[in-house]
Amino acid sequence: MKKGDHLFLVDGSGYIFRAYHALPPLTRKSDGLPVGAVSGFCNMLWKLMLDARNTDVGIVPTHFAVIFDYSSKTFRNDLYPEYKANRSAPPEDLIPQFGLIRQATRAFNLPCIEMEGFEADDLIATYCRLACEAGGDTTIISSDKDLMQLVGDTVGMYDPMKDRQIGIPEVIEKWGVPPEKMVDLQALTGDSVDNVPGVPGIGPKTAAQLLEQFGDLDTLLARAGEIKQDKRRESIIANTDKARISRQLVTLKNDVPVAEGLDDFVLHAPDGPKLIGFLKTMEFTSLTRRVAEATSTEAGDVQAVAVAVERADNAHGPDVGAGAPARGAVEPGQANGAALSATDAPKQGDTPSLLSALRLERATTGKIDTAAYHCIRDIETLKAWVAEAREAGIAAFDVRATSSDPMQAELIGMAIATAPGRAGYVPFAHKSGNGDLLGGGTLENQIPLREALAVLKPLLEDKSVLKIAQNLKYDLVIMSRYGIDVAPFDDTMLISYVLDAGTPHGHGMDALAEKWLGHTPLQLKDVTGSGKSSVGFDQVDIDRATAHAAEDADVTLRLWLVLKPRLAAKGLVSVYERLERPLVPVLARMEQRGISVDRQILSRLSGELAQGAARLEEEIYQLIGERINIGSPKQLGDILFGRMGLPGGSKTKTGQWSTSAQLLEDLAAEGHELPRKIVDWRQLTKLKSTYTDALPGFVNPDSKRVHTSYALAATTTGRLSSSDPNLQNIPVRTAEGRKIRTAFIADKGNKLVSADYSQIELRVLAHVAEIPQLRQAFADGADIHAITASEMFNVPVEGMPSEIRRRAKAINFGIIYGISAFGLANQLSIPREEASNYIKKYFERFPGIRDYIEETKAYAREHGFVETIFGRRIHYPDIRSSNPSLRAFNERASINARLQGTAADIIRRAMVRMEEALDEAKLSARMLLQVHDELIFETVEGEVEATIPVVRHVMENAAMPAVSMSVPLHVDARAANNWDEAH
DNA sequence: ACAGAAGCTTA
DNA sequence: GTAAGCTTCTGTT
């Protein structure tokens with residue numbers, strides 16, 4: 001080997017397992033021999049050799065070897081007997097394939113290297129060193145992190161399954177340390193798969209940070225006392241030995257006395273007949289054919305034996321796709337891209353349903369042809385499109401940006417559609433692909449962002465042009481950051497939600513295109529790739545980006561044509577126009593504002609939680625005498641109910657022991673001390689992982705605030721949902737959990753105001769079911785659960801035992817959830833009989849509620865949906881199911897939906913009006929968050945007293961004038977510096 | 001890398 | 001018994 005030569009080292013053992021798992025499990029030869037992994041291995045090897053040869057600028061190997069593990073016992077087991085001890089035996093059907101894969105390697109004419117007492121990784125390390133000393137380069141074909149320590153100037157890695165090169169920058173990006181420090185990093189983190197202990201509590205992030213700080217492992221261990229974090233310091237000091245032995249285990253041995261030298265690895269051309277002989281034996285028909293072609297192996301030799309196989313293979317070649325005629329195929333003569341007028345001036349006498357049919361006709365006539373879209377690359381063309389949109393009075397658009405988080409997304413391009421089939425894409429900021437160091441240069445022939453927006457802004461803000469988008473809030477937030485206020489608009493996702501909440505199809509573009517247009521749009525991952533090999537949309541080839549983005553705009557326009565008239569046809573226009581559409585800009589502004597979160601408080605809490613959890617962990621290990629993973633319900637269940645034989649175990653539907661909090665609480669009540677500790681441990685780790693550790697990661701670097709994302713069309717009932725992060729489930733029940741709320745703070749000089757509806761769903765129930773006692777109780781401002789208990793059990797409200805009130809409260813909540821004896825019994829931990837009697841008694845005292853429930857079920861069964869008092873529809877297609885439990889579930893859900901949905905509508909109405917009310921009162925308070933029955937505002941300190949009455953008035957009167965409720969709504973509001981005290 | 005189960009947080 | 005979203009573990013792709 002000499003300078004300029006290039007050695008390929010294939011991690012054969014790693015390959016085997018990846019091929020095995022990546023392929024369908026049941027690949028067998030006709031005689032039953034399992035060959036899935038062999039097949040995957042051969043295909044990958046072939047592709048690797050082929051790719052390497054065909055690449056002009058790629059690396060062409062001069063030397064090539066496949067390295068295997070010899071057996072599971074190596075010198076590492078002498079160092080540390082537990083090494084790889086928890087590794088289970090390979091799957092049954094993989095065992096016979098190990099030998100076959102070695103045969104395959106030889107059939108490829110490649111050296112097959114293994115050595116007793118050493119892992120494949122050690123051999124690889126050794127050959128890397130030898131190649132380097134000889135002046136050659138090496139590429140390791142693997143993605144195993146254990147090999148990353150070898151990466152350097154002359155050694156790279158390549159992951160063939162993801163088509164990804166791994167060099168020094170990739171290692172740093174992935175692990176936060178350069179390759180030479182990978183050993184130290186792995187010594188700290190350990191490896192649960194190989195049973196390398198590491199230091200407990202140190203993960204890759206922490207390890208990288210420590211190595212950054214101290215330089216290397218030895219320095220770190222010597223100066224561990226300087227670490228500030230208590231738990232971390234103690235853990236490292238206590239586990240110094242483990243770290244040292246871990247380092248020995250993960251350090252690859254690069255001086256293995258190898259039998260073969262590099263000269264034995266010189267790459268030869270594949271021996272066609274030899275390889276094909278093997279492949280045919282394996283019955284890999286298509287690879288056999290490809291190899292035959294590529295190696296120009298004598299056709300006669302191959303065909304003679306392979307005829308039968310070849311015919312079987314060809315049989316489905318020409319037929320592919322013939323069984324599935326393209327949907328919506330165009331009639332001859334229908335020109336591609338022939339634009340149809342989007343809007344139809346309704347003639348007099350057109351009924352909504354006739355218009356609906358007309359539009360459907362327009363939207364679905366003319367095929368969707370992604371090749372027919374225009375790429376708008378100069379300002380004059382863009383101006384012509386804007387003029388066209390003005391003429392049409394309508395334009396669907398689709399924004400492309402660098403992130404799914406609209407608060408961080410930078411614009412890449414925008415698609416616009418003015419009529420079915422008539423769509424174009426404006427690229428602003430596409431870059432050339434594989435920009436290694438500088439991210440690639442911006443491509444030519446795009447309209448610079450600033451110039452394009454100057455032309456688009458007047459259109460997007462033009463009152464006489466209706467803008468249409470799918471999930472418009474995302475676009476609204478981005479455009480607002482670029483100084484554009486899009487209006488007026490329609491949102492096809494929201495129209496679908498109003499029409500079809502509760503139906504099995506969702507409201508995403510793909511589902512809607514499939515349902516209404518019979519069309520499957522190009523998938524984003526087909527243009528960007530998926531997983532780690534994916535690229536940003538700005539790296540997508542502009543023609544492909546045009547096809548994808550313009551198609552989305554075209555589809556959006558067509559969906560609008562189909563869906564919008566249906567609103568009128570079904571009498572749902574006012575739901576859309578009052579409860580959905582106006583909320584979009586309101587939520588967009590709330591998301592943009594975000595809320596301040598004090599990272600110091602969270603980090604202090606995180607430390608406290610870690611300490612508490614660590615202490616409990618030790619106590620739990622003491623009690624069970626073993627260091628299991630407490631977070632694994634499987635391991636925990638096996639110990640608790642298997643080995644320790646605790647009573648009262650029950651199984652989940654998958655046959656595992658249940659370790660639910662309820663069950664552990666019951667055991668704790670019987671005097672067992674372990675379950676209590678487990679429940680406590682779970683609480684602490686939950687708070688830490690979900691809140692104190694995760695929230696700081698959501699602080700936006702520019703605004704320094706946390707910006708959640710509200711989904712308007714995610715729930716069936718009309719509630720909003722919150723994600724990334726979810727700020728609708730911040731703890732409140734326990735004192736420990738509430739501390740997290742203290743981290744949500746008002747900026748200096750400001751206060752947070754929290755205003756929440758009191759018992760809104762029960763009030764809605766009292767109103768819709770017309771229950772005189774409940775109406776009176778709410779009118780009197782009485783304790784509703786106490787009144788309920790008093791009615792049911794004939795006890796006076798004065799001096800009522802708390803247990804009695806608790807039961808009544810559970811029943812009241814039960815009604816809202818569509819009560820069942822089973823559920824109530826569970827909730828109250830009483831026999832089902834007793835629960836059943838309670839319900840009976842309740843219905844005797846409140847017959848109106850029984851009537852309400854029966855009426856709701858009958859209505860749902862007849863129509864397939866229920867409605868809120870504001871006319872929102874929620875569909876229950878399974879309400880007529882012959883499956884009794886499915887039917888019962890739908891009945892309960894429909895009962896709940898009227899109440900939950902009405903409450904959701906009320907707070908939506910309040911939110912839509914709130915901004916104007918605050919403006920009129922000249923108040924600077926701004927809405928930040930919504931938590932189903934609560935609104936959180938931030939306002940300057942001096943305006944708190946003036947703000948609260950305005951907020952309360954808007955919320956308490958939100959049902960008016962559409963509905964005059966027979967029960968007053970009541971809002972509690974208060975101000976403080978943080979969310980905990982304000983709530 | 002992803003999906004589902006289990007578990008836990010909220011209204 | 002209703003409605004959500006997130007994390008961890010586990011097994012599969």
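In short, a report on the structure. Counting starts from 1 at the beginning of each chain's written sequence and moves along it residue by residue. Whichever chain is written first becomes A and whichever ligand is written first becomes 1, with later ones labelled in order. Only residues with pLDDT of at least 70 get local features here, since the model is predicted, and only at 80 or more are side-chain atom pairs given and counted; chain-wide, interface and lining totals rely on the full set of residues. Each side-chain value is worked out from all heavy atoms of the structure, with water and hydrogens disregarded.

A look at the protein's contact with DNA strand C
Note the cut-off: Proximity is defined per residue: if any heavy atom of the residue lies within 4 Å of a molecule or strand, that residue is considered near it. Polar contacts, as counted here, are pairs of nitrogen or oxygen atoms within 3.5 Å of one another; within protein the pair requires one atom able to donate a hydrogen and one able to accept it, and residues that are adjacent in sequence qualify only if both atoms are side-chain atoms.
Contacts to DNA strand C come from 36 residues, most closely from H21, S632, D724, N726 and F822. Sugar plus phosphate, as a fraction of atoms of DNA strand C within 4 Å of the protein: 68%. Measuring from a phosphate oxygen of DNA strand C, one finds a side-chain N or O atom of S721 at 3.0 Å. One of the side-chain nitrogen or oxygen atoms of Q900 is found 3.0 Å away from a sugar or linking oxygen of DNA strand C.

Concerning the pairing of strand β22 (residues 934-940)
For clarity, the threshold we go by: Accessibility here uses a 1.4 Å probe with only protein chains present; expressed as a share of the type maximum, an area under 20% marks a residue as buried, one over 50% as exposed, and anything in between as partly exposed. Only runs of H or I of at least four residues qualify as helices and only runs of E of at least two qualify as strands under DSSP, and these elements are numbered from the N terminus. Note on pairing: two strands pair once DSSP finds at least 2 bridges between them.
Of all 7 residues in β22, 6 are buried; the element is thus mostly enclosed. Sheet analysis places strand β18 (residues 750-757) next to β22, joined by 7 bridges and oriented antiparallel. Residue pairing in the sheet places S754 in a bridge with I936 of β22. Bridging between strand β21 (residues 926-930) and β22 involves 4 bridges; their strand directions are antiparallel. If you follow R926 over to β22, its bridge partner there is E938. The turn linking β21 back onto β22 is made up of 3 residues, and H932 within it adopts a positive phi angle of 70°.

Structural notes on the packing of aromatic side chains
Heads up, the condition is: A pair of aromatic rings is counted whenever rings of Phe, Tyr or Trp (Trp by its six-membered ring) have centres within 6.5 Å, and the orientation is called stacked for planes under 30 degrees apart, edge-to-face for over 60 and tilted otherwise. Over a ring means this: the NZ of a Lys or the CZ of an Arg is within 6 Å of the ring centre and within 35 degrees of the ring normal.
Going through the model one piece at a time under the given rule, you end up with 12 aromatic pairs. Between Y425 and F537, the ring centres sit 6.5 Å apart and the planes meet at 85°, which makes this aromatic pair edge-to-face. Linking Y425 in strand β10 (residues 422-427) with F537 in the loop between α21 (524-528) and α22 (542-569), this pair joins segments that are 112 residues apart in sequence. With relative accessibility at 0%, the residue Y425 sits in the buried group. Ring geometry for F813 against Y817: centres 6.4 Å apart, planes inclined by 40°, an arrangement best described as tilted. Across from the ring centre of W385, 4.2 Å away, lies the NZ or CZ of R422, which sits over that ring.

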